[in-house]
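An overview of the molecular structure
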There are 2 protein chains.
Amino acid sequence: MYRTLQNELALVNDVVTRIIAEDPFPESVRPSCLAAAVRSYPVRGGKRLRPALLLWANGALGGDPDQAVFAGCAVELFHTWTLVHDDIIDEDDLRRGKPTAHVEVASHAEQAYGKPKALTDKFGRDMAILCGDIQQAWAMNMLLRSREKGVEASLLADLLVRFQEVNNLLISGEALDVEFPMRDLGEITKEEVRKMILGKTSCLLKFSVQCGGAIALGHADFGKERLAALGNFAEELGIAFQLRDDYLGIFGDEKTFGKPIGSDFQEGKPTLLYLDAMSLLPETGKKRLKELTGLPRYSPGAIDEIRTLLKESGAESKCLQEIAHLTEKAHSRLMTLPENKYKKLLEDLLSYLLERTV
Amino acid sequence: MYRTLQNELALVNDVVTRIIAEDPFPESVRPSCLAAAVRSYPVRGGKRLRPALLLWANGALGGDPDQAVFAGCAVELFHTWTLVHDDIIDEDDLRRGKPTAHVEVASHAEQAYGKPKALTDKFGRDMAILCGDIQQAWAMNMLLRSREKGVEASLLADLLVRFQEVNNLLISGEALDVEFPMRDLGEITKEEVRKMILGKTSCLLKFSVQCGGAIALGHADFGKERLAALGNFAEELGIAFQLRDDYLGIFGDEKTFGKPIGSDFQEGKPTLLYLDAMSLLPETGKKRLKELTGLPRYSPGAIDEIRTLLKESGAESKCLQEIAHLTEKAHSRLMTLPENKYKKLLEDLLSYLLERTV
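Keep in mind that what you see is a predicted model, and the values were worked out from it rather than measured.

When helices and strands are tallied, chain A shows 16 helices and two strands. Relative to a compact globule of 358 residues, whose C-alpha radius of gyration would be 21 Å, chain A shows 21 Å and is just as compact. Its C-alpha atoms put chain A at 65 × 60 × 35 Å along the principal axes. Counting only residues that meet the buried cut, chain A has 50% of its 358 residues in that class. When contacts within chain A are restricted to residue pairs at least 6 apart in sequence, those whose partners lie at least 24 apart make up 72%.

The transformation that overlays chain B on chain A combines an axial shift of 0.0 Å with a rotation of 180 degrees, and the residual RMSD is 0.0 Å. Between the two chains, the operation in question is that of a two-fold axis. Within chain B, the C-alpha atom positioned nearest to the axis of rotation is that of Ala153 of chain B, 2.8 Å from it. A symmetric contact is evident, with 100% of the interface residues of chain B recurring at the interface of chain A.

Let's shift gears to the environment of Leu217 of chain B. Residue and element names in this part refer to chain B. Of note, Leu217 is situated in helix H8 (residues 190-217). C-beta crowding within 10 Å serves as the criterion here: with 18 such atoms nearby, Leu217 is assigned to the partly exposed category. Between the C-alpha atoms of Leu217 and Gly63, which are 154 residues apart in sequence, the distance is 7.3 Å.

We now examine the interface of chain B and chain A. Interfaces are frequently sized by the accessible area removed from exposure as the parts join. Taken together, the contact between chain B and chain A spans 44 residues of the former and 44 residues of the latter. Mapped onto the side of chain B that touches chain A, the elements with two or more residues apiece are helix H4 (69-89), helix H5 (101-113), helix H6 (117-144) and helix H7 (153-179) of chain B. Residue contributions to the side of chain B that touches chain A peak at 16 residues, all from H7 of chain B. Residue composition of the side of chain B that touches chain A, grouped by class: 26 nonpolar, nine polar and nine charged.

All names here are of chain A. By secondary structure assignment, the location of Leu354 is in helix H16 (residues 341-354). Sequence separation between Leu354 and Gln321 is 33 residues, and the spatial gap between their C-alpha atoms is 13 Å. When residues no more than four places from it in sequence are discounted, the contact partners of Leu354 are Ala240, Phe241, Arg244, Ile323 and Thr327.

In this section: helix H2 (residues 32-40) of chain B. Among all positions in H2 of chain B, only Cys33, Leu34, Ala37, Val38 and Ser40 of chain B are buried. The buried residues of H2 of chain B occupy an angular sector of 160 degrees when the element is viewed end-on, so they sit on one face. Here the buried face of H2 of chain B lies against helix H7 (153-179) of chain A together with H5 and H6 of chain B.

Okay, the confidence of the model for chain A next. In the predicted model, chain A carries a mean pLDDT of 96, and 99% of its residues have values of at least 70. Across the assembled chains, the prediction reports ipTM 0.96 with pTM 0.96.

Right, let's get into the nonpolar core. If you look at soluble globular proteins, the nonpolar side chains tend to sit buried side by side. Residues Leu143 of chain A together with Leu143 of chain B are the most contacted members of the largest nonpolar core, which totals 232 residues. If near-sequence neighbours (up to four positions away) are discounted, Leu143 of chain B is found in contact with Phe70, Ala71, Ala74, Leu156, Leu159, Leu160 and Phe163 of chain B.

A few words now on the environment of Glu187 of chain A. Inspection of the secondary structure assignment puts Glu187 of chain A in the loop between H7 and helix H8 (190-217). Counting along the chain gives 83 residues from Glu187 of chain A to Pro270 of chain A, while the straight-line C-alpha distance between them is 9.9 Å.

Time to look at unusual backbone geometry. Residue and element names in this part refer to chain A. Here the residue pair Arg30 and Pro31 is connected by a cis peptide bond, since its omega of -10 degrees sits within 30 degrees of zero. When you line up the elements, Pro31 lands in the loop between helix H1 (3-22) and helix H2 (32-40). The phi angle at Glu225 is positive, at roughly 30 degrees, despite the residue not being glycine. Relative to the elements of secondary structure, Glu225 occurs in helix H9 (residues 225-251).

This next bit is on the packing of helix H1 (residues 3-22) of chain B against helix H3 (residues 49-60) of chain B. All names here are of chain B. Relative to each other, H1 and H3 sit at 105 degrees, their axes nearing to 10 Å. When the axes of H1 and H3 are compared, the pair comes out roughly perpendicular. Of H3, the residues touching H1 (which contributes Leu9, Val12 and Val16) are Pro51, Ala52 and Leu55. Split by residue class, the contact of H1 with H3 holds six nonpolar, no polar and no charged.

Residue and element names in this part refer to chain A. Between helix H4 (residues 69-90) and H8, whose axes approach to 10 Å, the crossing angle comes to 165 degrees. In terms of orientation, H4 lies roughly antiparallel with respect to H8. You can see that H4 and H8 cross each other, and the crossing is right-handed. Contact residues: Ala71, Val75, Phe78 and His79 in H4; Leu204, Phe207, Ser208, Cys211, Gly212 and Ile215 in H8. Along the lines of polarity and charge, the residues of the contact of H4 with H8 split into seven nonpolar, three polar and no charged.

Parameters and conventions
- Residues numbered from 1 in each chain as written.
- Chains lettered and ligands numbered in written order.
- Predicted model: local features only at pLDDT ≥ 70, side-chain atom pairs only at ≥ 80, totals over all residues.
- Helix = DSSP H or I, 4+ residues; strand = E, 2+ residues; numbered from the N terminus.
- Rg over C-alpha atoms; globule rule 2.2 N^0.38 Å.
- Buried ≥ 20, exposed ≤ 12 C-beta atoms within 10 Å, placed from the backbone.
- Contact = placed C-beta atoms within 7 Å.
- Least-squares fit on C-alpha atoms with pLDDT ≥ 70 in both.
- Nonpolar A, V, L, I, M, F, W, Y, C, P; charged D, E, K, R; others polar.
- Arc of directions from axis to C-beta.
- pLDDT = per-residue confidence, 0-100.
- Core = buried A, V, L, I, M, F, W, Y, C linked by C-beta atoms within 7 Å.
- Axes fitted to C-alpha atoms, helices over the stretch in contact; angles between N-to-C directions.
- Parallel < 35°, antiparallel > 145°, perpendicular 65-115°, else oblique.
- Left-handed = near helix turned anticlockwise from the far one by under 90°.

In structure tokens:
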């Protein structure tokens, strides 16, 4: 199952990693610990979901994916700079099983300079801010390299305008996510959570397929026919993926999910699943579910009680229906595309990402 | 004296402030406190040195500065995002007489959310990181608006490639400045300090004049003739300005200089003035000057002693000669340009910025 998909993803990873590793852009960065940080995340690998979406959307619309390869690397670099800044903000220590950028630079500084830990920790954070800043420029530079493959400057200018809009949307999504915990959970609306998901998860996926498609078609009219269809496909895929993540975060199995079950409730995150339950439950249920957020620990009993409340309210089945509905819709968007290998890969990727809900 | 220059700078400020204030890019930013932060620095005014250099370089090479006006706003926005991130790193509270971005958002958060100060301070820093990120995208978006004025996409693509190189150089300059205090002052080389100055001060000035010139000429071959001359002019202007700042930082008058005299010594900054003195002084003088760095307070006696050491070593006169030499060189670069109003403005700006050394 999914053997072709896995092979093709591995091929995308190979080419993206090679181009990024060989690109000269970070060579002139100083000091050397910053140069190392700039290269660190991008060569760590990962799913390379965004380049895959870009290259396959390009192929699906009859393009030559080789022409879109720098654009594929650009969306990956763009993704990594947002991760570097996210990791500072979230004070995370690990990213893909290795130290986060700020932790990596801080450890280097501790050994290199022999200063107090408070100073080297701050140095790590400061350098990580600058690291993300340079990676943002690197992403733009990488997209501009598409001229080497014959992509017209006027198309690139259009794509760059869209890319800046993605920055705006994506950062707004991140900023809403940072702002939510500052507010009373009860006053956060579904509209705001939806905007957050569209920003944090969907908009770069959407740009990736539309950028790949635009390079195939030679225009960046994202609202038109096939580019619009691709955009809707990626947007629905993104929202469905996030809903599935919310669902598995409480109904999943800790071993396969990879994160502690109940952590969204512990952190008081306004997931759509939670907000739906709060609007559907009677007063006593609302009160009880609220009491079950922000606990220091989650016993199996507490998890069970949350699951029951989500089920009884109808929020659980609403969430599953929404995932199924979005997956169906995303799938239908692809129907308008010509039959070829790349369309099949996009279909497989959709099923692969959204299939498992336990 | 400089009345024409002042009037023309005021005109540049008017047009830049208006375009930035009216530009729709930040309208979709969420939450609203982040949108406010994104607009905050760019509309605070300031000298608008970079847009002035860009527009006048454009005029000097026979362009119509109106065609370059979005590029002028772009370099100003680029400058502001670097200030926002610098201010977080330097933990500064004030920027142009008002609270820095992170302090402004933190104060808002303190009032709006009623959370502990440690949380609202962190929220201010987090939002300021994201604020600079969005401003970086805004700068690119603004440059791309030049198409509205008929600037060719292929020229813009060339300019955007250069702009990313500026990011790399500028951030490396900032990063070296952040790294220096982590190291032993004695091991920092003049070469490194020069690279820091070229990055932090010169490279955006250089890009500004070359970008303006390129729009006038219709090509971005920065190494060629007049664009090269303009680039050298701005680079020399930038280094001379920094040397003058170092000089006034110890030999200036606190009232006109605006910062406490001796603060570079207090912070242990490796200025070229200091490094020259350390290489020229005999052992006893070296030892004494080293003792005079990093003191908690600087009495008039300590300032006098530093001044004497800098004079006796010859570092003071070397610094003044270097400023004069660079000013002369920068001036001679302009000789190759045609005589017109804009060339005169560039000459006046050079004298105005570098004239006062007390």
